[in-house]
Number of protein chains: 2
Amino acid sequence: MKKEILYLKIAGIIEQQILSGTLRLGDKLPSIRTLQKVYNVSINTVRQAFLELESKSLIEPRPKSGYYVSKASQRKFSLPSVIILESLQKEQYPEHLFLKTFASSENTDITHFSLGLPEKSLLPIAQLNKSVTTVMRSLANGGATYESVQGNLNFRRTVARWAFMLEGKVTEDDVIATSGAMNGMFTCLMAVTKPGDKVAVESPAYFGILKMINAMGLEAVEIPSDPSTGLDLEALKKVLPVISACCFVVNFNNPLGTLMPDDHKKELVKMLTEWDIPLVENDIFRNVYYGAERPKPCKAFDQAGIVMLVNSISKTLAPGYRLGWIIPGKYKDKIIQQKLIQTLSTPALYQEAISHFLENGRYDHHLRTFRKIVQNNCLKLQQGIEDYFPDNTKVSQPEGGFMVWLELDKKIDTVKLFDMAIRRNITFAPGRMFTQYNQYNNCMRLNFAMEWTDKVNSDLKTLGEIASNW
Amino acid sequence: MKKEILYLKIAGIIEQQILSGTLRLGDKLPSIRTLQKVYNVSINTVRQAFLELESKSLIEPRPKSGYYVSKASQRKFSLPSVIILESLQKEQYPEHLFLKTFASSENTDITHFSLGLPEKSLLPIAQLNKSVTTVMRSLANGGATYESVQGNLNFRRTVARWAFMLEGKVTEDDVIATSGAMNGMFTCLMAVTKPGDKVAVESPAYFGILKMINAMGLEAVEIPSDPSTGLDLEALKKVLPVISACCFVVNFNNPLGTLMPDDHKKELVKMLTEWDIPLVENDIFRNVYYGAERPKPCKAFDQAGIVMLVNSISKTLAPGYRLGWIIPGKYKDKIIQQKLIQTLSTPALYQEAISHFLENGRYDHHLRTFRKIVQNNCLKLQQGIEDYFPDNTKVSQPEGGFMVWLELDKKIDTVKLFDMAIRRNITFAPGRMFTQYNQYNNCMRLNFAMEWTDKVNSDLKTLGEIASNW
């Protein structure tokens, strides 16, 4: 049996014991050595199983003692609803909501649950500065002359080396540097669509992609998502005949945080290959996994080259560098043509600096810390929601990333709730921003990539109280 | 009488004396003091008149001696033809030609008359590095966090201060940072056109803009240009009813180097205002003027806000920084919306570095040196063409920038000439790249922003010999 399946199997058995009450809140789990003997597996396999359970908040480690069934395992949160779109009418995109939500982004007095980025205290700024300063000295012509259109060679090599989930299939020839992931998605869509085309997105969808599709004269087709498995493949299948391209985030989707199972990814790629429909796969959250393993992208199952994998360093390192990349599949030439007319080339300095940072193992080190912080925050946030929010609040269960999606009572209008919250110096992203339809009006997205101070906790409490007093 | 007109009047009188033979090759001109008394003007006015004449290569200074009628004044180059397009059929854009011309751009053994950029030895790389290092220290968060969508405030203020030809009308609110001028033009066109729209360009046109228009699903309408006054306004007038936007370079147009007279600029803006047609004005060469004064952009005559002025630092400072800006007129909101979906923001570091460089007077200093070098090269190139090229070669007379356009004998195919030249390690840009029609097959663009070594001169000779032996 493959090691991968083994640890999941063990995790599954223990999960079953917790859910059935065989193991109860506060119970100590058998030691790693005991389980190793019981299941006749390696210590590492048991560790992976424990990590998997920890990522689902079922167990928690206590220093110098071992693993215990966690309080979080007892939570009976309902997941947000699976969305049915058929009866809805499209409405004008609520531009004013977007402006309102982000008008105060720079204000440091405000607790921003609204943003799509990690708070700067979580970014390794001093170390990045060191890499920039180091490469500045060695950079040919100080970066004043053009890079190749496709991107800096060192950077492309580094990205290729890091793309290990693609089983070594990626070389530097398969990487195109971009000005961040938004620019990557824009370039991909420019390469494979023309105005009037229909583009499938998950619903709820990241508002940036809805705005992009709209501004490009394309039409977004929202596909319902299941909060535990992601995109509804059956719903997608029905609309494929009219779809020209897809834009999905299968690993820790924004805003739900859902991880699509591998067999769904395989099926998705198979369906799109049959129809020869290009998939723009936005994979910016993949490195922020809570489980034992970095999940696979759809690209890993792509034989025909229909997947354009888009990524960036914005979610974990330096959003301001505006640096991302595309692994373009069979659309490489079209994408390079687009880059040629849009930006010509990407500045060398940050490409070299990020190569330097990654090649020196600093990224790995940073990611371990970063993941631990956001995963801990996720638990604290869920605890806070349980403590402060109305009982009928539904919460998505992110398995990675740093976003959570709340569905409140139908009567609660989160746009009005926003107006009340901002007066208390708290922001979040109202649900209505994540769709073109008149829906998700009782939903909100919360970002938890921040220092989890007492103030943050008390602001979460305030938010819960406003909702409770509705 | 205004000072501006006074020096041009005096220059005009002396020019007439040279053209009529009153002043002959090698004659010494009266001293500045003498002319000051003769015309009862300031010393400065006479100096400006001399600069004007020097920029037209009519006179030349000799160290410690004064000004002399130059050899170049005696040249009887014909200007390239004014283009008539009516009888021509559109053809597929010669993509292979583009690839061929730039395939060897990185090869330093080759003399690249083909490029659109200054050779790196003419860029102030060490000083730019100093500015980058200086601002790195003071930059908030090391530039790791987002800049505002519109651009870094210091940078926008600096650009606004430098836009002095717009008579102080520009503030930091009127500036949007971009990833270079190509990205600026792309963003402007995305904001004001939709696929299928017709966009007017000068003919011959910079191939980058032809490729861009084509890749965006727009249609380029080539407007004939007069090699001494630029765009043919009468020809433009006829097509205005079907035009959705214009993309022009009125100051030292690429490839001709033509400067459009101010009254033509005024007339152009008036015509476009009447039709409410947006003008994307690419003004990247304006600072590389040979005459006494920096010319005005069309934007200076724009009351209605129809002109989007696009600029960058790529032609004089650091192409690799990919930094430019737009002064967007009434299309500001649309352009910011486009930037939001295309790149979100522009990295802070280079914006701060360029502000620092400009505010410390380094740009002014660099420009004085840079202009002198390219103007001298222009004279040497013209001398070389006179010495080495066939007698019937026609040459544009650039008044700024660093490009010249050659029209050779009708029988000479410059694509074939390129194939012969590249074998001798010499490149240039074949004329066919600058149009969608089957024309300019006997033309070429030469870039002269390089160190004018003996090798460059001998390579120019080789080029002339290939043409002479056709």
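Residues numbered from 1 in each chain as written. Chains lettered and ligands numbered in written order. Predicted model: local features only at pLDDT ≥ 70, side-chain atom pairs only at ≥ 80, totals over all residues. Heavy atoms only, no water.

Caption draft 1: A look at the relation of the copies chain A and chain B. Here chain A sits on chain B after a turn of 180 degrees about the axis and a move of 0.0 Å along it, with an RMSD of 0.1 Å. When the rotation and shift are considered jointly, the pair of chain copies conforms to a two-fold rotation axis. The overlap is high: 100% of the interface residues of chain A also sit at the interface in chain B, so the same surface is used on both sides. (Least-squares fit on C-alpha atoms with pLDDT ≥ 70 in both. Contact = heavy atoms within 4.5 Å.)

Caption draft 2: Layout of the side chain of Arg 322 of chain A. Relative to the helices and strands, Arg 322 of chain A resides in the loop between strand S10 (307-312) and strand S11 (324-327). No salt bridge is formed by the buried Arg 322 of chain A; the nearest opposite charge belongs to Glu 147 of chain B, separated by 11 Å. (Helix = DSSP H or I, 4+ residues; strand = E, 2+ residues; numbered from the N terminus. Buried < 20%, exposed > 50% of the residue type's maximum accessible area, 1.4 Å probe, protein only. Lys, Arg positive; Asp, Glu negative; His and termini not counted. Salt bridge = Lys/Arg side-chain N within 4 Å of Asp/Glu carboxyl O.)

Caption draft 3: A look at the domain arrangement of chain A. All names here are of chain A. Each assigned domain of chain A is listed here: domain 1 (3-74), domain 2 (95-123 + 364-468) and domain 3 (143-361). Relative placement of domain 1 and domain 2: their C-alpha centres are 30 Å apart. Contacts between domain 1 and domain 2 engage four residues on the former and four residues on the latter. A buried area of about 410 Å², summed over both sides, lies between domain 1 and domain 2, and 37% of it is on carbon and sulfur atoms. Counting across the interface, domain 1 meets domain 2 through zero salt bridges. Summed over the shared surface of domain 1 and domain 2, the result is one residue pair in polar contact (both at pLDDT 80 or more). (Domains from an automatic or database assignment. Buried area = accessible area lost by both parts, 1.4 Å probe. Polar contact = N/O pair within 3.5 Å; in protein donor to acceptor, adjacent residues only side chain to side chain.)

Caption draft 4: The state of the cysteines, seen in detail. All names here are of chain B. Considering all chains together, one arrives at zero disulfides over all chains under this definition. Sulfur of Cys 246: no disulfide; nearest cysteine sulfur belongs to Cys 247 and is 8.0 Å away. You can call Cys 246 buried: its relative accessible area is 0%. Here Cys 443 is not cross-linked by a disulfide; its sulfur's nearest cysteine counterpart is in Cys 378, at 17 Å. (Disulfide = S-S within 2.5 Å.)

Caption draft 5: Broad picture of the sheet that holds strand S4 (residues 176-178) of chain B. Residue and element names in this part refer to chain B. One open sheet accounts for eight strands, arranged S4-S11-S10-S9-S8-S5-S6-S7; its pairing is mixed. Two strands lie at the open edges of the sheet, namely S4 and strand S7 (230-231), each paired on one side alone. Pairing analysis gives three bridges linking strand S8 (residues 245-248) to strand S9 (residues 279-282), with the strands arranged parallel. When the bridges of S9 are listed, Cys 246 appears paired with Leu 279. (Pairing = 2+ DSSP bridges.)

Caption draft 6: Layout of unusual backbone geometry. Residues Ser 203 of chain A and Pro 204 of chain A are joined by a peptide bond in cis, for which omega reads 0 degrees. Position of Pro 204 of chain A among the secondary structure elements: in the loop between strand S5 (198-203) and helix H8 (207-215). Although it is not a glycine, Tyr 440 of chain A sits at a positive phi angle of roughly 55 degrees. In this structure, Tyr 440 of chain A sits in the loop between strand S15 (429-430) and strand S16 (443-447). Positive phi outside glycine occurs at Arg 322 of chain B, with the angle close to 50 degrees.

Caption draft 7: Representation of the environment of Trp 325 of chain B in the model. All names here are of chain B. By the element assignment, Trp 325 lies in strand S11 (residues 324-327). Note on Trp 325: relative accessible area 14%, which makes it buried. Distance in space between the C-alpha atoms of Trp 325 and Pro 297 is 15 Å, their sequence separation being 28 residues.

Caption draft 8: Representation of the interface of chain A and chain B. At the junction of the two partners, chain A supplies 42 residues and chain B supplies 42 residues. Across the chain A/chain B interface, buried area totals approximately 3800 Å², and carbon plus sulfur atoms make up 67% of it. Linking chain A to chain B there are zero salt bridges. Run the count over chain A and chain B and you get seven residue pairs in polar contact (both at pLDDT 80 or more). When contributions to the side of chain A that touches chain B are tallied by element, the ones reaching two or more residues are helix H4 (95-102), helix H5 (125-138), helix H7 (180-192), H8, helix H11 (332-342) and helix H12 (348-359) of chain A. Residues of the side of chain A that touches chain B, tallied by class, amount to 24 nonpolar, 14 polar and four charged. (Nonpolar A, V, L, I, M, F, W, Y, C, P; charged D, E, K, R; others polar.)

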